[in-house]
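Architecture and fold: a report
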Amino acid sequence: MLLQLPQILSQEDVRTMRARLADESLWIDGRTSAGPQAVGVKRNEQLAQDSTVSRELQAQVLAAVQRSPLFFSAALPRRFFNPLFNRYRPDFPTYGAHIDGAVLHSRRTQEWVRSDISCTLFLSE
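An account of the accompanying structure is given in this report. (Residues numbered from 1 in each chain as written. Predicted model: local features only at pLDDT ≥ 70, side-chain atom pairs only at ≥ 80, totals over all residues. Heavy atoms only, no water.)

1. Some words on helix H2 (residues 52–66)
The terminal C-alpha atoms of H2 lie 21 Å apart, and with 15 residues this matches the ideal 21 Å at 1.5 Å per residue to within 8%. Among all positions of H2, only Val53, Ser54, Leu57, Gln58, Val61, Leu62, Ala64 and Val65 are buried. One side of H2 holds all its buried residues, which, seen down the axis, span an arc of 160°. The elements touched by buried residues of H2 are helix H1 (11–20), strand S3 (45–47) and helix H3 (69–75). (Helix = DSSP H or I, 4+ residues; strand = E, 2+ residues; numbered from the N terminus. Expected span 1.5 Å × (residues − 1). Buried < 20%, exposed > 50% of the residue type's maximum accessible area, 1.4 Å probe, protein only. Arc of directions from axis to C-beta. Contact = heavy atoms within 4.5 Å.)

2. A few points about the pattern of salt bridges
Note that side chains of opposite charge can pair when their charged atoms are close. Using the criterion set out here, one finds 10 salt bridges in the structure. Salt-bridge contacts for Arg87 lead to Glu24; the nearest nitrogen and oxygen are separated by 2.7 Å. In this pair, Arg87 is assigned in strand S4 (residues 86–87) and Glu24 in the loop between H1 and strand S1 (27–29), connecting sequence segments 63 residues apart. Using a relative accessible area of 15% as the deciding quantity, one classes Arg87 as buried. The class for Glu24 is partly exposed, based on a relative accessible area of 44%. When salt bridges that share partners are traced, they join Glu24, Glu45, Arg87, Arg89 and Asp91 into one network. (Salt bridge = Lys/Arg side-chain N within 4 Å of Asp/Glu carboxyl O.)

Following this line, the structure appears as C-alpha cells:
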C-alpha cells in the first residue's frame, strides 16, 4: 500500500532543515548503511548518522510523523528506526533496484530493529 502524507513538515521546517543540510562535511558515501543486497546499487550520499545535525533532524522528523493521525492509523508503529538522510548529485546519482532490509541495526541505540514499513520524506518545496 502506498500512502501519501502531505505537509508533515511546514515550509519553514523544510527551509530550515535544508539549510542545516547544506554543510558538505556532513555527507558520506551512502553505501556505509547498505546491506549486502543493496551495496552494489546504492550510489548516493548519506548524512553521517552519528553527527549532531543528523540526531537533531531525526528528532524533528520523528516528532512530525508522530503528530500525524493518518500515519499512526495506517502504520500502528511500535517503535521507529532513526531516519536516514540521503541526497543525490551528479557524482552520486542513484539508488538502483533493491529490497529494503527487514532488520536494521541502529547506530544510535545499538539495537536491531525490524523494519516492516519504509517511508520516504522529501525535503523539497
